[in-house]
Amino acid sequence: MTYLARPNVASLGYALFLAINAAGVWGGVFPFLPLDFQTPEIIFWFFLAQSLVFSLCYFASAVGVYFLPGPTRRFLVKLACIPYLLGWCCLIAAIYFDRASLPLVVVGGAFLGLGSAGFYMLWQRLFASSDSDRGNLDLIRGTAYGAIMYFGLYAIPHAVTAFLIPLIFMPLFGLAIVLKSREINLDQPMFEDVPHENAAVYRAVIRDYWRSALCVGAIGFCTGIMRALAIGEPQVGSLVNMLSMAASFVGAITMLALWKVKSVRFNVVGLYRVAFPFVITSFLLLPFSSLEYARWQAAILYAVYSVVIMLMMIQCAQASRDRGINPVFIYGFFGGIVYTLHDVGFLAGTFSDQVRILGIDPLATTALMSLYLLGFMFFIGQGGFRRVLRHDPSAENIELIMLDGRPPTRVTRSTASQLPAEGEHETGAASALEGDFPAEPPTDFPEKPATVAEPMRNEREVDGRDSGQPDGRRRSGSPALQADAPRGRGRHNFEGDFELTDRLSKQAQVLREQYRLSARETEVMEYIARGYTVARTAEELIVSENTIRTHSKRIYAKLDVHKKQELIDMLKAVEL
């Protein structure tokens, strides 16, 4: 497991950014500023400016990259570095200029919100553009090292740290992301794609991921409420920062350990359903408990939130790779929902705290009780724990394929150039990429199986006609899920997985586990074996043709085959 913990420029740069940003979501620059400076008024206005600008930047990035993908990409680096530096300068100046401290703090909060969002976008773009193993590994390792660096900052006198951040630390992680960004392979479909020219693909992405974003946003809403209630107690902020960073460390190490020994598959919706009853119960107890309880509730909620934010970044990166969509768009859309709900919680918590000061505690208690009962009934109405234990086909899974003890291969321009060129027919992956598949599928395999290894469809959209699409096309998934596919040949088992009754799907699943193919790569491999053209496959999966070609090249590279017939022979050779 040594190589799993070995740092590199990307993971250390991201770690330093997380440490300085103090988990990014708490507004935790204040642990490094004097406590007498942190009045409730100063903290409120800083948090408000920083949070609002931060969330707005996510939506603005998603909209900007949708219409202007090229200029938005170039604008990101400038968007991050300059505002972040100016924000820290304003905060330091506010300490020494008492009369102008409030406007300086507001301006500084806005600049820091803008700079933080820009840096997060840059890091997300870097992780998404890398090979799945390399990108996820750098992200998880960076999260773990970020916690270590954060606690290391406490060994430095606070008065010195406030100046070291803009003068030393920020230039270091800024330089790291700039250098690593230059290594990004911009020839990938996710960067060549023009979103507004493929509106159907992006509508499908929004349909598939809004539920996960809403679940993470619900946790953000709860943490926003607690942050508002803690404004009057600066010590709470320090506790929250420390515990959230500790949770990030434990979560990252746990994920690395699990990933080392087994493939990890789960989805955010299922995790939220497990946590939901415990979260609302903790809020029910809040009016009847002490301030110490509120401090620990805030700290624990932010600890959970920090881990979920890491999972959000993994899922967004996976969506970019699997569907060939712009990484800034999916992360901006996902993060915009999450951080906006966090802001709503912050404002709601501020308002409820004012009401409590006026002496209307019984109303607050009644509201909490009502929310608890309504929320719990909703939870039960959605299937409760019984549905949690089943696979939910309506939500996209996060997938970490088990590492085999070797460092993940790094995909670069040079390695990509070794793959067969697109024009070299029947000599490599390209022979299966340019629409040269036979018009009819091989006779050995059925064209449209009834079942697949791991369905990725929405439960309401097995049939395109049921989904309201006039042309009868379905959203995404395996070739097994065609509208006219034979029915009744597969069923869900007690674990929620779809049992395989089609021989090719079973054989593809064996190769998937043996050669560490992702779920989407397995789907594309089945389409290739069944004789589908690139255009037809792209239409079925609602992605671009370049995305299908990229997946095919990766499949051929992982299987070490050079012709489509070799791939088919490999599938036939699998003994069940």
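Conventions we followed
- Residues numbered from 1 in each chain as written.
- Predicted model: local features only at pLDDT ≥ 70, side-chain atom pairs only at ≥ 80, totals over all residues.
- Heavy atoms only, no water.
- Helix = DSSP H or I, 4+ residues; strand = E, 2+ residues; numbered from the N terminus.
- Buried < 20%, exposed > 50% of the residue type's maximum accessible area, 1.4 Å probe, protein only.
- Contact = heavy atoms within 4.5 Å.
- Areas by Shrake-Rupley, 256 points an atom, 1.4 Å probe, with all protein chains shown as cover.
- Phe/Tyr/Trp six-rings, centres within 6.5 Å; stacked < 30°, edge-to-face > 60°.
- Salt bridge = Lys/Arg side-chain N within 4 Å of Asp/Glu carboxyl O.
- Arc of directions from axis to C-beta.
- Patch = residues over 30% accessible without salt bridge, like charges linked within 9 Å, V, L, I, M, F, W, Y side chains within 5 Å.
- Core = buried A, V, L, I, M, F, W, Y, C linked by side-chain atoms within 4.5 Å.
- Axes fitted to C-alpha atoms, helices over the stretch in contact; angles between N-to-C directions.
- Parallel < 35°, antiparallel > 145°, perpendicular 65-115°, else oblique.
- Left-handed = near helix turned anticlockwise from the far one by under 90°.
- Nonpolar A, V, L, I, M, F, W, Y, C, P; charged D, E, K, R; others polar.
- pLDDT = per-residue confidence, 0-100.

Novice: I tried to follow the overall build of the protein on my own but got confused; where do I start?
Specialist: Helix and strand counts for the protein come out as 21 helices and two strands. A buried classification covers 57% of the 576 residues belonging to the protein. Look at the contacts in the protein between residues 6 or more apart in sequence, and 83% of them connect residues 24 or more apart. As displayed, the protein offers around 23800 Å² of accessible surface, 65% of which is attributable to carbon and sulfur atoms.

Novice: Can you walk me through the packing of aromatic side chains in this structure?
Specialist: Pairs of aromatic rings are described using the distance from one ring centre to the other and the angle between the two planes. Using the criterion set out here, one finds 27 aromatic pairs in the structure. Between the aromatic rings of Y84 and F119, the centroid separation amounts to 5.6 Å while the plane-to-plane angle is 90 degrees, which identifies the pairing as edge-to-face. Linking Y84 in helix α4 (residues 69-96) with F119 in helix α5 (residues 101-129), this pair joins segments that are 35 residues apart in sequence. We note that Y84, like F119, is buried. Taken together through their ring pairs, the aromatic side chains of Y14, F17, F54, Y58, Y84, F119, Y120, W123, F127, F173, Y331 and Y339 make up a single cluster.

Novice: How should I be thinking about the pattern of salt bridges in this particular structure?
Specialist: Oppositely charged side chains can form a pair if their charged atoms are brought close together. All chains considered together, the criterion is met by ten salt bridges. Salt-bridge contacts for R141 lead to D138; the nearest nitrogen and oxygen are separated by 2.9 Å. Within this pair, R141 and its partner D138 are both found in helix α6 (residues 132-153), separated by three residues, close to a single helical turn. Across the pair, D138 and R141 agree in class, each one buried.

Novice: I would appreciate a short explanation of helix α21 (residues 564-573) in the present structure.
Specialist: A turn of α-helix holds 3.6 residues, and therefore any two residues three or four places apart point the same way. By the burial criterion, the buried members of α21 are K564, L567, I568 and L571. End-on, the buried residues of α21 take up no more than an arc of 100 degrees, which puts them together on one face. Turning to α21, the residues buried within the fold contact α17 (503-515), α18 (519-529) and α20 (545-559).

Novice: Looking at this structure, how should I read a nonpolar patch on the surface?
Specialist: Where nonpolar side chains cluster on the molecular surface, the patch consists of Y96, F97, F163, L167, I168 and L172 and spans about 650 Å² of accessible area. Top contributing element to the nonpolar patch by residue count: helix α7 (residues 158-181), with four residues. Mapped onto the elements of the fold, I168 is located in helix α7. Given the relative accessible area of 41%, I168 is considered partly exposed.

Novice: In this structure, what is going on with the nonpolar core? I would like to understand it.
Specialist: One broad trend across soluble globular proteins is that nonpolar side chains are buried collectively. In this structure, Y14, F119, Y120, W123, I140 and I314 are the most contacted members of the largest nonpolar core, which totals 114 residues. No other element matches the 15 residues that helix α12 (residues 291-323) contributes to this core. Not counting chain neighbours up to four residues away, the residues in contact with F119 comprise F17, A80, C81, Y84, F173, G174 and I177.

Novice: When you look at helix α19 (residues 534-541) in this model, what are you seeing that I'm missing?
Specialist: The complete set of buried residues in α19 reads V534, T537, A538, E540 and L541. Axial view of α19: buried residues confined to an arc of 165 degrees, hence all on one face. Contacts made by the buried residues of α19 are with α18 and α20. Where α19 terminates, the next one or two residues include I542, which has phi positive at roughly 55 degrees.

Novice: What is the right way to look at the packing of helix α2 (residues 9-21) against α6 in this model?
Specialist: Packed helices, taken two at a time, are described by the angle their axes make and the gap between the axes. Between α2 and α6, the least distance of the axes is 7 Å, while the angle of their chain directions is 45 degrees. One finds that α2 runs oblique with respect to α6. For α2 against α6, the interelement crossing comes out right-handed. Taken together, the residues of α6 that come into contact with α2 (itself represented by A10, S11, L12, Y14, A15, L16, L18, A19 and I20) are D138, L139, R141, G142, T143, Y145, G146, M149, Y150 and L153. Within the contact of α2 with α6, the residues separate by chemical class into 13 nonpolar, four polar and two charged.

Novice: What exactly am I supposed to notice about the confidence of the model for the protein here?
Specialist: Reading fine detail from the predicted coordinates is not recommended where pLDDT is low. Of all residues in the protein, 70% have pLDDT values of 70 or greater, and the mean over the chain is 76. Every residue in residues 23-29 is under pLDDT 50, and counting partners more than four places away or in other chains gives 33 contacts. Within the model, pLDDT remains below 50 along residues 409-500, and this stretch shows 221 contacts once partners closer than five positions in the same chain are excluded.

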